[in-house]
Every structure is written in C-alpha cells, then in structure tokens.
Amino acid sequence: MSGGTDRRPGGGLLVAGTTSDAGKSVVTAGICRWLARQGVKVAPFKAQNMSLNSFVTREGAEIGRAQAMQAQACRIEPTALMNPVLLKPGGERSSQVVLLGRPVGEMSARGYHGGRQQRLLGTVLDSLAELRATYDAVICEGAGSPAEINLRRTDIVNMGIARNAKLPVVVVGDIDRGGVFASFFGTVALLSPEDQELVAGFLVNKFRGDVSLLEPGLDMLHGLTGRSTYGVLPFRHGLGIDEEDGLRVSLRGTVRESNTAPPVGEDVLRVAVCAVPLMSNFTDVDALAAEPGVVVRFVDRPEELADADLVVVPGTRGTVRALEWLRERGLADALRRRAAEGRPVLGICGGFQILGERIEDEVESRAGRVDGLGVLPVRVRFAPGKTLARPVGEALGEPVEGYEIHHGVADVTGGEAFLDGCRVGAVWGTHWHGSLESDGFRRAFLREVAAAAGRRFVPAPDTSFAALREEQLDRLGDLIEQHADTDALWRLIESGAPQGLPFIPPGAPA
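No experiment lies behind these values; they were computed from the predicted model shown.

A.B. asks: Kindly report on the pattern of salt bridges, identifying the contributing residues and their values.
C.D. replies: If you walk through the whole model with that rule in mind, you get 31 salt bridges. Close ionic contact of aspartate 195 with arginine 152 constitutes a salt bridge, the shortest N to O distance being 2.8 Å. In this pair, aspartate 195 is assigned in helix H7 (residues 193-196) and arginine 152 in the loop between strand S9 (137-141) and helix H5 (159-165), connecting sequence segments 43 residues apart. Connected through shared salt-bridge partners, Arg33, Arg37, Glu470, Asp474, Asp478 and Glu481 make up one network.

So, in structure tokens, the structure goes:
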C-alpha cells in the first residue's frame, strides 16, 4: 500500500455479491477495519439498504445498522450520507422509504422500482461524492446481486452506482452454499460490456479446507473471465455483523455465535425472544447473549415460554400485526399469565406498545383503536412524524444510553418510571433500543431478573459489550489482512479497475 503522504483522496471500491447474504456486509466491514488500521481515512457507503435493523446517528438520522457497524470498523461516527436510502418493509409488497435519515412515505415495490428509485440516483451520487471528497477511501456495499437483470434499468446500488461513480467492483461468493464458480462466471456474463469493464475480480467467502485444492478452479476461472481472485476467506464462526436483508431475519448476531465464558453463578439465565412478524432491531438481545451464563433463543410457541426466566417482546415494524400474531399463537395469553405470576417480561419499542392497554393506530396499520395486552398502564397513539433520538439517562441506579425509532407516542399513567416507559412488578417496558449495551445497567437489570425468577445467576463483573464489538471488528480486519491480496485491493481502491478486461458473452439482454 502506498504511504500516507501520497494517497489520492476519493478512492473507492464496490463490494458486490453473487447473492444476498454472500458476505458483502462482513467483507465491507473487514476491508474498512483493515484500512483504518493502516492509517487510511476510510468510510462505508451503501446507497440503498432494505432492512428492519436500523440505527440513529448523532444528528438524529435513521440508517441501516450494518452501515453503523461499518462506520465503527472505520473508527468514525456514522452519518446519513453512509446510507442515503433505507427501505423498511411493512409487508411483502410495501416499504417505508427513509431518505437521508428521514421517512418520506410508504411505497409499493412496483411504485419504487417503477420510477422513484431512479429519481433518487442524484441524491445517492451526491452523498457518495461528499464522502469521497472527505475520505481517502470509501468502501461501498452492494445489495443482492448485480446481475438481477430485471432491475438493472433502475439500479442505484450495484452497477448503476458503479458506472456513474466509476467504481471498481469485487464480487463476493459464498462457497459454503456450493456453486460458487458458476455464480462468479454467470454474474459477469449477465452484465453489459460497460458494466463488465468495472468488475475487477472475485473474493471467495466461507471456504473450509485446504486452499490448494481450490486453486485449479481459481486458475480456470481466471482463464474463463480474465479476472483475478483477490482472496479466499476461511469459514469462521461468529463473524456476523448487524445486518438484515428484506424480510429475512438471519438471527445471526455479532455475539450470539461467539463463545462466552461459563456462568459466574450457579445457574444460567434463560431468555426467550418472541419472534414477532416484521421484527426490528432484534440485535437488542445481543448484549444479553454476550453475558456468560445467559442463553438466548427465539420462540414462536407458548410452551417455549414455560422455562424462560425472561421473555423479551422485541421491536417490530408492524405493532398491530405482531399483536394479532401473539394472540393467534396463544403467546398473548402466556404473556399475561407470566405478568400475573410476577415472572419477568421486557417489552422494547413495539413490544412495549403491545404490553400496554390500548393502541390507536391510523398511521402504521390504520387499524384504529386496538386493545393491547393490558399488563402495563400505557396508552399509545401513533403519530405521523417519527421519533428519532439518542437519549441518555439513568435506571436501576446506573447510567444508560440508547436510541429511539418509533411512530408511537406513549402516555404512561402509572407504574414505576423506567427509562421513558414504566415498570409494574416484573414487567418492564421502554422505547429505548440499545439500552442493554450499557454494561452497568445490563448487570443491574439481570440481577433483578434473576431475583424475580428465583435463579442463582450472577452477572459477570467485567463483560464489556463495546470491547466485544471491537474484538469482532478486529477479527474481520484480520480476515482481510491475512487471507486477501491487500496490495491488489489497494490498487483497485486507488486506481480503479484494470484496463482491458475481456467481455464475457452473452452479456445483459437488450
């Protein structure tokens, strides 16, 4: 890599994938952390993200959590520029459109791809240009596959932005799924000649075994496409970052796959998370799973709550729909029984609203007045404007900070104060996401849960969730530094795609 004095500002790279969940988010974060450790001033970028897993920046803008984590990999504060378009699904066919951190309306998939998406290209390119003017390098993440030929005309996140911004492209393929060579070749062969000129090569992800056995295939791939493979990344457990594509919930969190130390006390603490429809910010429970002796699982049947010491009703993009789902499955009655028995329940954001007495919703579901579960003295009215905030406070004698993303306005009429919500017995409710990442508060909360559940569980005195996050990001940086051709990657970032890359027929259909 060239030294710090001769770096050209504004270098860039687009990390595309053969499929959704090929590893684009992880690879992007890994490249960002590797560059940051080399002293490069680097920023992440994703033009358009479809996710229910979002975050609020310091200036009060909503972006995808994956980009917030990638910014942490860069050791910088996230901003709205890093994810100018966020789509938050509200069902199979419609999404809320968040532009530069602010909601601008609901739109069907047909309406969005039918013209609105292309009109956002200017905003996307302006955001990228501003980042490139500020940073030495901007590492961009694509979405899905660049070879989705039905969507190419309106694409603003894959080859559409690569062409407009003249970005070199590296395509990531998940070899653990099988068929990676066909996926690499087919991805290139379905692109137009102009798009193919920017596809510099490939990165193999999640390889298990002896790399020498893969090398003949890589040589053949180079012969067929004229493009290099920039690295073979081995399979590693626990390397996920906060991500979610569309309506698919991976439930594969940063620390939920990691090995933790044995319990400090005599008992473990079992946490059941209700897997409600359109679940949002399910990463709230990652901080619980990081604690030695805390076992987290996602459930969808009432009998799965029986042995849980704590039940979490998480956030959701469809509060009324989630409430109906809980009733249909018998989980609503199980939650009411738990509350009556003094057994711990925590509601976060939409889950907090569900635990209340009443919901008036003419915004999200347009269902009007709906009865909640009635276990917390709270009445919720959905407002057209969205609350986006980064609150700081105190609870259980400990400092807490979090972030808020909700349309519901809560009127708390009783109980003990708890963050912005309330507590009645062993039932807690709050709109604050991320509060459990505050180490002292999390330990105090778990002590309360253990006491109410009658468990001899003791929180570890030294678990630092922030330190665990940093360890994960460093592991991603190690993955790139040790298993990718970093000199070649830097040449791409600095100088663009190699000249004279061959065209692979048939190319994109007319």
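Structure shown, so let's carry the discussion forward.
A.B. asks: Can you tell me about the packing of helix H10 (residues 319-328) against helix H11 (residues 331-340), naming the residues and giving the values?
C.D. replies: For the pair H10 and H11, interaxial distance at closest approach is 5 Å and the crossing angle is 85 degrees. It follows from the interaxial angle that H10 and H11 lie roughly perpendicular. Facing H10, whose interface residues are Trp325, Leu326 and Arg327, H11 presents Leu331, Ala332, Leu335 and Arg336. Partitioned by chemical class, the residues of the contact of H10 with H11 number 5 nonpolar, no polar and 2 charged.

A.B. asks: Which residues make up the nonpolar core, and what values do they have?
C.D. replies: Phe45, Leu128, Leu131, Val169 and Val204 are the most contacted members of the largest nonpolar core, which totals 48 residues. With sequence-adjacent residues up to four places away left out, valine 169 is seen in contact with Leu14, Ala16, Met159, Ala162, Leu198, Val199, Ala200 and Gly201.

A.B. asks: Explain the packing of aromatic side chains to me, using residue names and the numbers behind them.
C.D. replies: All chains considered together, the criterion is met by 5 aromatic pairs. Seen in terms of ring centroids, phenylalanine 418 and phenylalanine 441 are 6.1 Å apart; in terms of plane orientation they differ by 35 degrees. Their pairing is tilted. Here phenylalanine 418, found in strand S25 (residues 416-418), pairs with phenylalanine 441, found in helix H13 (residues 439-453); they are 23 residues apart in sequence, far enough to count as distant. The two residues phenylalanine 418 and phenylalanine 441 agree in class, both being buried. Put simply, the rings of Phe418, Trp428, Phe441 and Phe445 pair up and form one aromatic cluster.

A.B. asks: Residue-level account of the environment of aspartate 478, with values.
C.D. replies: Along the polypeptide, aspartate 478 turns up in helix H14 (residues 465-483). Dropping the residues within four chain positions of it, aspartate 478 is found in contact with Arg37 and His483.

A.B. asks: Account for unusual backbone geometry, naming residues and giving values.
C.D. replies: Backbone torsion omega between proline 505 and proline 506 reads 10 degrees, so that peptide bond is classified as cis. Here proline 506 is to be found in the segment after helix H15 (486-495). Positioned with a positive phi, lysine 206 is a non-glycine residue whose angle comes to about 65 degrees. Even without being glycine, arginine 366 reaches a positive phi, approximately 60 degrees. Mapped onto the secondary structure, arginine 366 falls in the loop between strand S19 (358-361) and strand S20 (368-371).

A.B. asks: Which residues make up the sheet that holds strand S13 (residues 269-274), and what values go with them?
C.D. replies: Read across the sheet, 7 strands follow the order S15-S13-S16-S18-S27-S26-S25 without closing on themselves; strand pairing throughout is mixed. With partners counted over all chains shown, the strands left at the sheet margins are strand S15 (294-299) and S25, one partner each. For this sheet, the mean angle separating the axes of adjacent strands, direction not counted, is 20 degrees. Where S25 meets strand S26 (residues 421-424), 3 bridges bridge the pair, whose relative direction is antiparallel. Residue pairing in the sheet places alanine 417 in a bridge with cysteine 422 of S26. In the packing of H11 onto the sheet, the strands contacted are strand S16 (310-313), strand S18 (345-348) and strand S27 (427-430), and the crossing angle to S16 comes to about 130 degrees.

A.B. asks: Quick one: what's the story with H10, residue by residue and with numbers?
C.D. replies: Considered for burial, the residues of H10 that qualify are Thr319, Val320, Ala322, Leu323, Trp325 and Leu326. Within two residues after H10, glycine 330 carries a phi angle of roughly 80 degrees, on the positive side.

A.B. asks: Go over the environment of proline 509, please, and point to the residues and values.
C.D. replies: Mapping proline 509 onto the fold places it in the segment after H15. Of the residues examined, proline 509 reaches a relative accessible area of 51% and is grouped as exposed. As a C-alpha pair, proline 509 and asparagine 150 span 359 residues in sequence and 9.7 Å in three-dimensional space.

A.B. asks: Give me the confidence of the model for the protein chain: which residues, what numbers.
C.D. replies: Chain-level pLDDT for the protein chain is 91 on average; 92% of the residues reach the 70-or-more range. Note that residues 2-9 has pLDDT below 50 and, in this model, 18 contacts with residues that lie over four places away or in other chains. Below pLDDT 50 for its whole length, residues 245-256 participates in 41 contacts with residues either more than four positions away or in separate chains.

A.B. asks: Summarise the environment of valine 98; cite the residues concerned and give the values.
C.D. replies: Looking at the secondary structure, you find valine 98 in strand S7 (residues 94-99). In this structure the C-alpha to C-alpha distance between valine 98 and proline 84, which are 14 residues apart in sequence, comes to 7.8 Å. Setting aside residues up to four positions removed in sequence, valine 98 forms contacts with Glu62, Pro84, Val85, Leu86, Lys88, Pro103 and Lys386.

A.B. asks: Residues and numbers for the state of the cysteines, please.
C.D. replies: Considering all chains together, one arrives at 0 disulfides under this definition. Between cysteine 32, a cysteine without a disulfide, and cysteine 74, which holds the nearest cysteine sulfur, the sulfur-to-sulfur distance is 3.5 Å. There is no disulfide at cysteine 349, and the cysteine sulfur nearest it, in cysteine 422, is 14 Å away. The class of cysteine 349 is buried, set by a relative accessible area of 5%.

A.B. asks: Provide a residue-level description of empty space enclosed by the protein, including the pertinent values.
C.D. replies: Counting across every chain of the model gives 6 cavities of 30 Å³ or more. Lining of the largest cavity is provided by 19 residues; of these, Thr316, Arg317, Glu364, Ile405 and His406 occupy positions nearest its centre. Secondary-structure elements contributing two or more residues to the lining of the largest cavity are helix H12 (350-355), strand S21 (378-389) and strand S24 (404-412). Here the lining of the largest cavity takes 3 residues from S24, the largest share from any one element. Residue classes in the lining of the largest cavity are distributed as 4 nonpolar, 11 polar and 4 charged.

Definitions and cut-offs
- Residues numbered from 1 in each chain as written.
- Predicted model: local features only at pLDDT ≥ 70, side-chain atom pairs only at ≥ 80, totals over all residues.
- Heavy atoms only, no water.
- Salt bridge = Lys/Arg side-chain N within 4 Å of Asp/Glu carboxyl O.
- Helix = DSSP H or I, 4+ residues; strand = E, 2+ residues; numbered from the N terminus.
- Axes fitted to C-alpha atoms, helices over the stretch in contact; angles between N-to-C directions.
- Parallel < 35°, antiparallel > 145°, perpendicular 65-115°, else oblique.
- Contact = heavy atoms within 4.5 Å.
- Nonpolar A, V, L, I, M, F, W, Y, C, P; charged D, E, K, R; others polar.
- Core = buried A, V, L, I, M, F, W, Y, C linked by side-chain atoms within 4.5 Å.
- Buried < 20%, exposed > 50% of the residue type's maximum accessible area, 1.4 Å probe, protein only.
- Phe/Tyr/Trp six-rings, centres within 6.5 Å; stacked < 30°, edge-to-face > 60°.
- Pairing = 2+ DSSP bridges.
- pLDDT = per-residue confidence, 0-100.
- Disulfide = S-S within 2.5 Å.
- 1 Å grid on protein atoms, 1.4 Å probe; cavity = no way out; pocket = protein on both sides within 12 Å on 5 of 7 lines; lining within 4 Å.
- Points joined across faces, edges and corners; volume = space filled by probe spheres on them.

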